[in-house]
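Residue-level listing of the chains:
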Amino acid sequence: MTDEIINHEEEEAEIIYIPDDEGNEEAFEVIMRFELDDGTDRKYLMVVPAEEDGDEEQEVFAFRYQEENEDIQLFPIEDQAEWDMVEETFNTLIGEFDEAEENKG
């Protein structure tokens with residue numbers, strides 16, 4: 001049952017559009033969403049550029065976000081302590097995912 005859910009998610013990538021400094025919208029694929037367990041109710045999402053193909057390592061971008069109806073507002077993470085918590089959480093979740101993948105085979 002779990003395999004079906006993971007495969008289903010991979011087929012339907014969530015794409016969001018983020019304007020760059022010049023106002024051009026660029027497509028990004030959301031690879032993860034999570035909340036920190038620090039009581040702040042802050043939500044974060046991790047994205048990678050959607051156009052890039054191949055097995056090259058992609059740059060991952062992190063944003064704090066808020067949802068209002070169908071709209072998502074993104075906020076850059078500018079505080080180093082907040083960034084460190086987000087990075088640590090992301091690495092932990094990726095580690096757990098990789099471990100689960102290895103145990104499947």
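See above for the structure.
*Asks:* Any chance you could explain the overall build of the protein chain here in plain terms?
*Replies:* The number of helices and strands found in the protein chain is two helices and five strands. Shown N-terminal to C-terminal, the secondary structure of the protein chain runs as helices and strands in the order α-β-β-β-β-β-α. Looking at the protein chain as a whole, 21% of its 105 residues qualify as buried. Intrachain contacts of the protein chain at a sequence separation of at least 6 include 28% that bridge at least 24 residues.

*Asks:* How should I be thinking about the sheet that holds strand β3 (residues 43–49) in this particular structure?
*Replies:* Hydrogen bonding along the main chain pairs the strands of a sheet, whether they run parallel or antiparallel. The strand order across the open sheet formed by five strands is β1-β2-β3-β4-β5, and the pairing between neighbours is antiparallel. Each of the sheet's edge strands pairs with one partner strand only, and the pair in question is β1 (14–19) and β5 (71–76). Strand-to-strand twist of the sheet, defined as the mean angle between neighbouring strand axes without regard to direction, takes the value 50°. Here strand β4 (residues 61–68) pairs with β5 via six bridges, running antiparallel. Looking across to β5, one finds that Glu 68 is bridged to Asp 71.

*Asks:* Where do I start with the nonpolar core in this structure?
*Replies:* One broad trend across soluble globular proteins is that nonpolar side chains are buried collectively. Within the largest apolar cluster, nine residues are counted, these being Met 32, Phe 34, Leu 36, Tyr 44, Met 46, Ala 62, Ile 77, Val 86 and Phe 90. Where this core is concerned, the elements lending two or more residues are β2 (25–35), β3 and α2 (80–104). With residues near it in sequence (within four places) discarded, Phe 90 still touches Ile 31, Met 32, Phe 34, Met 46 and Val 60. Counting residues in each nonpolar core, the second largest holds eight residues, with Ile 18, Leu 45, Val 47 and Phe 63 among its members.

What counts as what
- Along each chain, numbering runs from 1 in the same order as the chain's sequence is written.
- The predicted nature of this model means local features are confined to residues of pLDDT at least 70 and side-chain atom pairs, given and counted, to a pLDDT of 80 or more, with totals for whole chains, interfaces and linings taken over all residues.
- By convention in this description, side-chain values take in all heavy atoms of the structure and omit both hydrogens and water.
- The helix count covers DSSP runs of H or I at least four residues long, the strand count covers runs of E at least two residues long, and both are numbered beginning at the N terminus.
- Any residue under 20% of the maximum accessible area for its type is buried, any over 50% is exposed, and the rest in between are partly exposed; the area is computed with a 1.4 Å probe on protein chains only.
- We call two residues in contact whenever any of their non-hydrogen atoms come within 4.5 Å of each other.
- At least two bridges found by DSSP between two strands is the condition for calling them paired.
- Axis geometry follows a simple rule: fit a line to the C-alpha atoms, using only the stretch in contact for helices, then measure angles between N-to-C directions, giving values from 0 to 180 degrees.
- Put simply, a nonpolar core is a bunch of buried Ala, Val, Leu, Ile, Met, Phe, Trp, Tyr and Cys residues held in one set by side-chain atoms that sit within 4.5 Å of each other.

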